[in-house]
Amino acid sequence: MISSPYTPRYFNNCVIRPLPRERFHCCCCYAYVRAPLSISKNNNISKLVPPKEQPKEELSWETYNSLIQNHCSNGQVDHSMQILSEMEAVGMYPSTSSYSILIKCLAKVGRTVEAEAIFVEMKCFGLRLSIQEYNLLLRSFLKKCQLHLADKLLVEMGRDGVERNRETYILLLDCYAKAGRLEDSWWVLNEMKKKRIRLDGFVYCRVIKLYRDNGMWKKAMEVIMEMDEVGIRPDRRIYNAIIDTLGKFRQLENAVKLFEEMQHRGVKPDIVTWNALIKWHCRAGDLTRAIGFFEKMLEQGLYPDPKIFLAIISRLGEQGKWDEIRRLFNEMREKGHRQSGIIYAILVDIYGQYGRFRDAEECVAAIRSEGVALSASIFCALANAFAQHSLCDQTVKVLELMEAEGLEINLVMLNLLMNAFSNAGRYLEALAVFQHIKDTGISPDVITYTTLMKAFVRAKLYEKVPEIYKEMELAGCTPDRKAREIFHDASLIIQQKWGYV
């Protein structure tokens, strides 16, 4: 294999291989080159002597560890890996704390292969691994939806006698709930209760979202009563989760009442609260109320997520109300939100088809010129805007630009790309993205499977829908309402055409 300059020597013999990187010379390697001879016009032989290089002072073990930890603290993980390579080249190895911070930093930027290799190296050197190191690696796997690797790590924890703690269960619950894995989520909750781990606001928030995703909105309302019984006061996060749940199931009057109740209890709404109210009123077609919440939010000095602004202009665009789109944008700009205003302007132009920002590179260049920091959420909003227009090539371009910025392509972005191909009727490309997700070790979630089923329905390949639905269930994902509706409609068509499902 090709070695990396930032990779310890053990990686070369490890089963887990890091991705190749450009090779640099180690600073401990020196070459002595004799100076060439030359004859001058006076036939004097002169020796061209290069400036002498002073040998670098050998660093101590403590200094190496300090450098590794300092570079990691500053987000310079490549520098830390280079120091590690130099350290091992002189026969020294880092401390446990240095190894831990390296795993943490590598996991944070999505370099799970190298993080796992360092973890394995620690075990081979006989270092005692604490629950902290296991949780760091587990977080890395779950963040990238690599559930098979996470399961193997949990088995390894049990084999090594490392007992799972609260953080372990919280990480698992967070991942399983987001992926729509109902049975796995209930298993985590039951394990927490068995071990008498106290449930807090974060856990209850995840429970509410589980109810939301499985159509049990009345159960979500009961969570507040249960929290009162155990003496936990519902915070803003809980209210936001229930308002979002009620909105999803068209219980908008109850959502507005709960919105008023939270303010009466002294809980101040945040951007998440306003976004939920705007989004679900838009989805229900109540644009008047959605715009009312939008304007109240601006009065509070808050500004919508680009995806929420896109939801508003999508509805207005469908009704041909371009003047209203311009009015809202100008009102927002007058409120002083200038720095990221370019993002909303681009979304207006993409959806309004004014023709100015129809190219992904132009969009990104315009945002950068305004001094706005490019983040994953911005790229996600742009990809979503292009995907809704079935502009597949531009959606792909957004992902390429995101990768060029050093941001990791995650499952959310790949789902958006599938959606773009689905909307354009290009089911083969959507299927290729789905296969890529599985080939890279990422576990598809409910949205992934549902988007693929939608692509097959648009292509009138109804017989493929039950296959994907069954695969989703076998993968441990609980179908949500939308997935069940697609499956039901496809099954009826199959029954009518061929007499079986």
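Because the structure is predicted, anything quoted here is derived from the model rather than measured.

What counts as what
- Residues numbered from 1 in each chain as written.
- Predicted model: local features only at pLDDT ≥ 70, side-chain atom pairs only at ≥ 80, totals over all residues.
- Heavy atoms only, no water.
- Helix = DSSP H or I, 4+ residues; strand = E, 2+ residues; numbered from the N terminus.
- Buried < 20%, exposed > 50% of the residue type's maximum accessible area, 1.4 Å probe, protein only.
- Areas by Shrake-Rupley, 256 points an atom, 1.4 Å probe, with all protein chains shown as cover.
- Salt bridge = Lys/Arg side-chain N within 4 Å of Asp/Glu carboxyl O.
- Core = buried A, V, L, I, M, F, W, Y, C linked by side-chain atoms within 4.5 Å.
- Contact = heavy atoms within 4.5 Å.
- pLDDT = per-residue confidence, 0-100.
- Phe/Tyr/Trp six-rings, centres within 6.5 Å; stacked < 30°, edge-to-face > 60°.
- Disulfide = S-S within 2.5 Å.
- Expected span 1.5 Å × (residues − 1).
- Patch = residues over 30% accessible without salt bridge, like charges linked within 9 Å, V, L, I, M, F, W, Y side chains within 5 Å.
- Lys, Arg positive; Asp, Glu negative; His and termini not counted.
- Charge placed at Lys NZ, Arg CZ, Asp CG, Glu CD.
- Arc of directions from axis to C-beta.
- Axes fitted to C-alpha atoms, helices over the stretch in contact; angles between N-to-C directions.
- Parallel < 35°, antiparallel > 145°, perpendicular 65-115°, else oblique.
- Left-handed = near helix turned anticlockwise from the far one by under 90°.

S.K.: Lay out the overall build of the chain in plain terms, naming residues and giving numbers.
M.R.: Each helix and strand counted, the chain has 25 helices and two strands in total. Out of the 501 residues belonging to the chain, those deemed buried represent 49%. Counting only carbon and sulfur atoms, one obtains 50% of the accessible surface of the chain, whose full area is about 26200 Å².

S.K.: Break down the pattern of salt bridges for me, with residues and values.
M.R.: Proximity of charged atoms lets side chains of opposite charge pair with each other. Tallied over the full model, the rule gives 23 salt bridges. Measuring nitrogen to oxygen at the nearest pair gives 3.0 Å for the salt bridge that ties Arg139 to Glu167. Taken together, the residues Arg139 in helix α5 (residues 131-143) and Glu167 in helix α7 (residues 166-178) connect sequence positions 28 residues apart. Residue Arg139 is classed as partly exposed on the basis of its relative accessible area of 41%. The salt bridge partner of Arg206 is Asp174, with a shortest N-O separation of 2.6 Å.

S.K.: Outline the nonpolar core, supporting the account with residue identities and numerical values.
M.R.: Residues Phe294, Leu382 and Met413 are the most contacted members of the largest nonpolar core, which totals 149 residues. With near-sequence residues (within four places) excluded, Phe294 lies in contact with Ile278, Pro304, Phe309, Ile312, Leu328 and Met332.

S.K.: Quick one: what's the story with the confidence of the model for the chain, residue by residue and with numbers?
M.R.: Here the chain shows a mean pLDDT of 80. Residues at 70 or above account for 85%. Here strand β1 (residues 37-39) stands out as the element of the chain with the lowest mean pLDDT, 39, in contrast to helix α23 (residues 446-458), whose mean of 93 is the highest. Residue range residues 1-50 is modelled with pLDDT below 50. Its contacts to residues more than four positions away, or to other chains, number 74 contacts.

S.K.: Residues and numbers for the packing of aromatic side chains, please.
M.R.: Each aromatic ring pair is specified by the distance between its two centres and by the angle formed by the two planes. Under the definition given, this model contains ten aromatic pairs. On the numbers, 5.7 Å between centres and 65° between planes, the contact of Phe434 with Tyr449 is edge-to-face. Pair noted here: Phe434 is in helix α22 (residues 427-439) and Tyr449 is in helix α23, with a separation of 15 residues, a long-range link. One aromatic cluster is present, formed by Phe259, Trp274 and Phe293 through successive ring pairs.

S.K.: Please set out the side chain of Ser140 residue by residue, giving values where relevant.
M.R.: By secondary structure assignment, the location of Ser140 is in helix α5. A relative accessible area of 1% means that Ser140 is categorised as buried.

S.K.: Can you tell me about the state of the cysteines, naming the residues and giving the values?
M.R.: For the coordinates displayed, the defined rule picks out zero disulfides. In this structure Cys175 is not part of a disulfide, and its nearest cysteine sulfur, from Cys145, lies 5.5 Å away.

S.K.: Break down the environment of Tyr344 for me, citing the residues and quoting the values.
M.R.: Residue placement: Tyr344 occurs in helix α17 (residues 341-352). Between the C-alpha atom of Tyr344 and that of Phe309, which follows or precedes it by 35 residues, the distance is 7.2 Å.

S.K.: Please give an account of helix α4 (residues 112-124) that cites residues and values.
M.R.: Between its terminal C-alpha atoms α4 stretches 18 Å, which fits the 18 Å expected from 13 residues at 1.5 Å a residue. Among the residues making up α4, those that are buried are Thr112, Glu114, Ala115, Glu116, Ala117, Ile118, Phe119, Glu121 and Met122. The secondary structure elements touched by the buried residues of α4 are α2 (77-89), α3 (96-108), α5 and α6 (147-159). Phi turns positive, to about 80°, at Gly126, one or two residues after α4.

S.K.: Can you tell me about a negative patch on the surface, naming the residues and giving the values?
M.R.: Together, Glu222, Glu226, Asp228 and Glu229 make up a negatively charged patch on the protein surface. Within the fold, Glu229 resides in helix α10 (residues 217-229).

S.K.: Can you tell me about helix α14 (residues 287-299), naming the residues and giving the values?
M.R.: Counting along an α-helix, one turn takes 3.6 residues, and residues three or four places apart therefore face a common direction. Its 13 residues place the ends of α14 18 Å apart at the C-alpha level, agreeing with the 18 Å of an ideal helix rising 1.5 Å per residue. Of the positions making up α14, those classed as buried are Leu287, Ala290, Ile291, Phe293, Phe294, Met297 and Leu298. One face of α14 carries all of its buried residues, which in axial projection span an arc of 155°. Among the exposed residues of α14, those oriented more than 90 degrees off its buried face are Thr288 and Glu299. Among the structural elements, α12 (252-264), α13 (271-283), α15 (306-318) and α16 (322-334) are those in contact with the buried residues of α14. One or two residues past the end of α14 sits Gly301, with phi positive at roughly 80°.

S.K.: So what's going on with unusual backbone geometry? Residues and values would help.
M.R.: One non-glycine residue, Cys145, lies in positive phi territory at about 60°. Within the secondary structure layout, Cys145 lies in the loop between α5 and α6.

S.K.: Would you mind going over the packing of α7 against helix α9 (residues 201-213) in detail, with residue names and values included?
M.R.: Contact geometry for α7 and α9: axes closest at 10 Å, N-to-C directions at 20°. Of the possible angle classes, the one that applies to α7 and α9 is roughly parallel. Handedness of the crossing formed by α7 with α9: left-handed. Between α7 and α9, the residues in contact are Arg166, Ile170, Leu173, Asp174, Ala177 and Lys178 and Phe202, Val203, Arg206, Leu210 and Asp213, respectively.

S.K.: Please set out the environment of Glu121 residue by residue, giving values where relevant.
M.R.: Within the element layout of this structure, Glu121 appears in helix α4. Since its relative accessible area comes to 0%, Glu121 is described here as buried. With 22 residues separating them in the primary sequence, Glu121 and Tyr99 have C-alpha atoms 9.4 Å apart.

S.K.: Residues and numbers for the packing of α12 against α13, please.
M.R.: At their nearest, the axes of α12 and α13 sit 11 Å apart, and the two run at 165° to each other. Judged on the interaxial angle alone, α13 and α12 are roughly antiparallel. Two packed elements cross with a definite hand, and for α12 against α13 that hand is left-handed. Seen from α12, the contacting residues are Leu252, Val256, Phe259 and Met262; seen from α13, they are Thr273, Trp274, Leu277, Trp280 and His281.

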